[in-house]
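Next come the chains, spelled out residue by residue.
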Amino acid sequence: MGMTMTQKILAAHAGLDTVAAGQLIECNLDVVMANDITGPMALPIFRQMADKVFDKDKVVLVPDHFTPNKDIKSAQNARDIQDFSRQQGLTHHMVQGKCGVEHGILPEQGIVYAGQCIIGADSHTCTYGALGAFGTGVGTTDIARGMATGQAWFKVPTAIKFILKNKPSRYVTGKDIILHIIGKIGVDGALYQSMEFVGDGTCYLTMDDRFTICNMAIEAGAKNGIFPVDEQTIAYMEEHAPGKDYQIFTADDDAIYEQTIEIDLAEIRPTIAFPHLPGNAHTIDEVEAGEKIMIDQVVIGSCTNGRMSDMRKAAAILKGKTVHPEVRVMVIPATQKIFLQCMEEGLAKIFVEAGCAFNTPSCGACMGGHMGVMCKGEKCVSTSNRNFVGRMGDVESLIYLASPEVAAASALAGYIANPEKIGGEK
C-alpha cells in the first residue's frame, strides 16, 4: 500500500517502514515552537517533566502575538519565554525587535525546511508544508512534552489530493486560491486530513503563494497542508537554510486519497471571505454585482500575507494614491528583515505617503490584540486568516478576508474593490 507525502514523513520520524491512515504513532520531532501566549502556559507543565529541553537547537519560543508588549500581562509573558530561552541556552533566542511573526521568521531563518516533523503551539504551524515539511498545531501539553522529550503522538491522517492546473491570472494569488478551495470544500472539508497540493499549476505559484495556501489549510480543518519539493523550494532553502540536511519525500503512485479534486487556477477570480467563516467565499464579481460594502479599516500583514511579495503587491496598488479619508490602514511586515527591506525599496515611503500606518512586525491586529482592534459595527478587509466573530475586536465588528491587492484597492476606494479596476504598477 502506497503512502502520501505526509505519511512518508511521519513514518520516517516514527522509525517505521510504512504507516497507514488511522494508525497511532510516536514521532521524533525536528522543531518544537511556541509563542508568547502559548509558551508561558506550557512552561509549568514542562517543569513537571524535565529540567532541560531535549535539544536546544530544536526548541524555539517566539514573542509575536501581544508584542510589542501592550500591557503588563503581555510584558510578563514575553519576559517568561525570553528568560526561559536564555536559561536553557536555546540556539534560536528570539527577542522583540530582532525577529518577527513566528511563521514568517522560522522559514526566513532556515529553522524549518523539507522533510522535517514540526509541531507548534499555534494552529497555523501548517504553514511549513510549503517547504515539503510536516507541520501541525498542537496544544500546550503536547508542546511541553515535545520540549521535554522531543517526541509527539499522532494519528496518521488520510489525505485529499488537489491537482492544480494552469496559470492564475494577474490579480489571483495564493490567498485567492486557498479561499476558493475552502469555499468549495467547507471549513470542515478536510477535517484531520492532509491537503496535498500537486499538479502542473504549482510551478506558477511562488513560495510565498505556497506559504499562504498551507497557512490556511487549518481553516478547512486539515491536519496539515503540503507541497512537493521542486526547484523553487530548493532555491528557497539554499538561500535561507544553506547547508541544512533536508530530505525530499514524494507520494507513491499508489498512495490512497480520500478525494482527488482538480482546481483550474485560470478560472479562479479574486476572492473574498465574508464574515464569519473563511469558507464564506465570494468572487470579486459577486461583490461588484451587489451593493458596495463600505469599510472602516484595512490590515495588510500577518503570518498569512506579511511577506515581501505581499508588501510589493500592496505598494504597487497604493503608489502615488491616497487612502480613502474614512479608512484607516495598518501595514505590518511579518519580520524585521522584511520591514527593513520595505524601507530600502521605498515601500515604507509609499505606504506612509498613501496614509497608512506602517507598523513593526506583530500578530496584534490579526487576533484582536492591538494595533487594529475594531469597535462595534466596524468593517475591515484583512489579509489575515480568520474572520470569526470577535476575532479583531467587538463581536459586532465584521472581517472580510482578502489578498493584499484586494485589500490595497479597497483601502483606496473605501469599499471592497476590484484591483483590476484600481490598478497599479506592473
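Only a predicted model underlies this, so the values are computations on that prediction, with no experimental measurement involved.

**Looking at the sheet that holds strand S3 (residues 59-62)**
- Strand order across the open sheet formed by 4 strands is S3-S2-S4-S5, with parallel pairing between neighbours. Looking at the sheet topology across the chains shown, the edges are occupied by S3 and strand S5 (134-137). Taken pair by pair, the neighbouring strands of this sheet meet at an average axis angle of 20 degrees, ignoring direction.
- As paired strands, strand S4 (residues 117-120) and S5 are joined by 4 bridges and run parallel to one another. Directly across from Ile119, in S5, lies its bridge partner Thr136.

**Points about helix H13 (residues 347-354)**
- Within H13 the residues assigned to the buried category are Leu347, Ala348, Ile350, Phe351 and Ala354. Angularly, the buried residues of H13 cover 160 degrees about the axis, an arc narrow enough to put them on a single face. The exposed residues of H13 that point more than 90 degrees off its buried face are Lys349, Val352 and Glu353.
- Where H13 is buried, its residues contact helix H11 (308-318), strand S14 (328-332), helix H12 (336-344) and strand S15 (357-358).
- Positioned one or two residues after H13, Gly355 has a phi angle of 105 degrees, which is positive.

**Some remarks on the domain arrangement of the protein chain**
- With domains assigned, the protein chain is organised as domain 1 (5-264) and domain 2 (271-421).
- The partner domain 2 presents 40 residues to the 38 residues of domain 1 that form the contact.
- Roughly 3,000 Å² is buried in total at the junction of domain 1 and domain 2, and carbon and sulfur atoms are behind 58% of that figure.
- Considering only the surface of domain 1 that becomes buried against domain 2, Val101, Tyr171 and Lys175 emerge as the three largest contributors, covering 21% of it.
- Here domain 1 and domain 2 share 1 salt bridge between them.
- Note that Glu219 is salt-bridged to Arg386, the shortest N-O span being 2.9 Å.
- Taken together, the links from domain 1 to domain 2 amount to 22 residue pairs in polar contact (both at pLDDT 80 or more).
- Among the elements of the structure, helix H4 (102-108), helix H6 (174-185) and helix H7 (207-215) are those that each provide at least two residues to the side of domain 1 that touches domain 2.
- For the side of domain 1 that touches domain 2, the element with the most residues is H6, which contributes 6 residues.

**Focus on a nonpolar patch on the surface**
- A cluster of nonpolar side chains, contributed by Val187, Leu277 and Phe388, occupies part of the molecular surface with about 210 Å² of accessible area.
- In this structure, Val187 sits in the loop between H6 and strand S8 (193-198).

**Re the nonpolar core**
- One finds Leu106, Phe162, Ile181, Met195 and Phe197 to be the most contacted residues of the largest nonpolar core, which totals 59 residues.
- In terms of residues, this core owes the most to one element, H6, which gives 6 residues.
- Residue contributions to this core reach at least three from each of two domains, namely domain 1 (5-264) and domain 2 (271-421).
- Beyond its immediate stretch of four places on either side in the chain, Phe162 contacts Ile181, Ile185, Met195, Glu196, Phe197, Val198, Ile261 and Ile263.

**Overview of the packing of H11 against helix H14 (residues 404-413)**
- Interaxial distance between H11 and H14 falls to 8 Å at its minimum, and their mutual angle equals 30 degrees. The orientation of H11 with respect to H14, classified from their angle, is roughly parallel. By crossing handedness, the relation of H11 to H14 is classed as right-handed. Touching Asp310, Lys313, Ala314, Ile317 and Leu318 of H11 are Pro404, Glu405, Ala408, Ala409 and Leu412, all from H14.

**Concerning the UniProt feature "binding site: [4Fe-4S] cluster" (unreviewed entry) in the protein chain**
- With numbering matched to this structure, UniProt assigns "binding site: [4Fe-4S] cluster" (unreviewed entry) to Cys303, Cys363 and Cys366. The greatest C-alpha distance among the annotated residues, which extend across 64 residues, is 8.9 Å, indicating that they converge on a single site.
- Here Cys303 is to be found in helix H10 (residues 302-305).
- Not counting residues within four places of it along the chain, the set of residues in contact with Cys303 comprises Val101, His103, His124, Asn215 and Asn385.
- Inspection of the secondary structure assignment puts Cys366 in the loop between S15 and strand S16 (379-382).
- Filtering out sequence-adjacent residues up to four positions away, Cys366 remains in contact with Ser302, Ser384, Asn385, Arg391 and Met392.

**Overview of the packing of helix H2 (residues 38-49) against helix H5 (residues 140-149)**
- It is at 8 Å that the axes of H2 and H5 come closest, and there the two elements cross at 55 degrees. In terms of their interaxial angle, H2 and H5 are classed as oblique. Helix-helix and strand crossings are classified by hand; for H2 and H5 the assignment is right-handed. Across the interface between the two elements, Thr38, Met41, Ala42, Leu43, Ile45, Phe46 and Met49 from H2 touch Thr140, Thr141, Ile143, Ala144, Arg145, Met147 and Ala148 from H5.
- Its residues assigned to classes, the contact of H2 with H5 shows 10 nonpolar, 3 polar and 1 charged.

**Things to note about the pattern of salt bridges**
- For the structure shown, the criterion picks out 16 salt bridges.
- With a shortest N-O distance of 3.1 Å, Glu262 and Lys165 are connected by a salt bridge. Here Lys165 lies in strand S7 (residues 158-165) and Glu262 lies in strand S10 (residues 259-264), a separation of 97 residues in the sequence.
- Judged by relative accessible area, Lys165 falls into the partly exposed class, the value being 33%.
- When the shortest N-O distance is used, the salt bridge between Asp285 and Arg269 registers 2.7 Å. Highlighted residues: Asp285 in helix H9 (residues 284-289) and Arg269 in the loop between S10 and strand S11 (271-273), separated in sequence by 16 residues.
- Through salt bridges with shared partners, one network takes in Arg79, Asp83 and Arg86.

**Points about H14**
- With 10 of 10 residues buried, H14 is to be regarded as a mostly interior element.
- Residues of H14 that are buried: Pro404, Glu405, Val406, Ala407, Ala408, Ala409, Ser410, Ala411, Leu412 and Ala413.
- Of the residues one or two after H14, Gly414 is the one with positive phi, at around 90 degrees.

The rules behind these values
Residues numbered from 1 in each chain as written. Predicted model: local features only at pLDDT ≥ 70, side-chain atom pairs only at ≥ 80, totals over all residues. Heavy atoms only, no water. Pairing = 2+ DSSP bridges. Helix = DSSP H or I, 4+ residues; strand = E, 2+ residues; numbered from the N terminus. Axes fitted to C-alpha atoms, helices over the stretch in contact; angles between N-to-C directions. Buried < 20%, exposed > 50% of the residue type's maximum accessible area, 1.4 Å probe, protein only. Arc of directions from axis to C-beta. Contact = heavy atoms within 4.5 Å. Domains from an automatic or database assignment. Buried area = accessible area lost by both parts, 1.4 Å probe. Salt bridge = Lys/Arg side-chain N within 4 Å of Asp/Glu carboxyl O. Polar contact = N/O pair within 3.5 Å; in protein donor to acceptor, adjacent residues only side chain to side chain. Patch = residues over 30% accessible without salt bridge, like charges linked within 9 Å, V, L, I, M, F, W, Y side chains within 5 Å. Areas by Shrake-Rupley, 256 points an atom, 1.4 Å probe, with all protein chains shown as cover. Core = buried A, V, L, I, M, F, W, Y, C linked by side-chain atoms within 4.5 Å. Parallel < 35°, antiparallel > 145°, perpendicular 65-115°, else oblique. Left-handed = near helix turned anticlockwise from the far one by under 90°. UniProt positions renumbered as here; feature names shortened; annotations may be inferred. Nonpolar A, V, L, I, M, F, W, Y, C, P; charged D, E, K, R; others polar.

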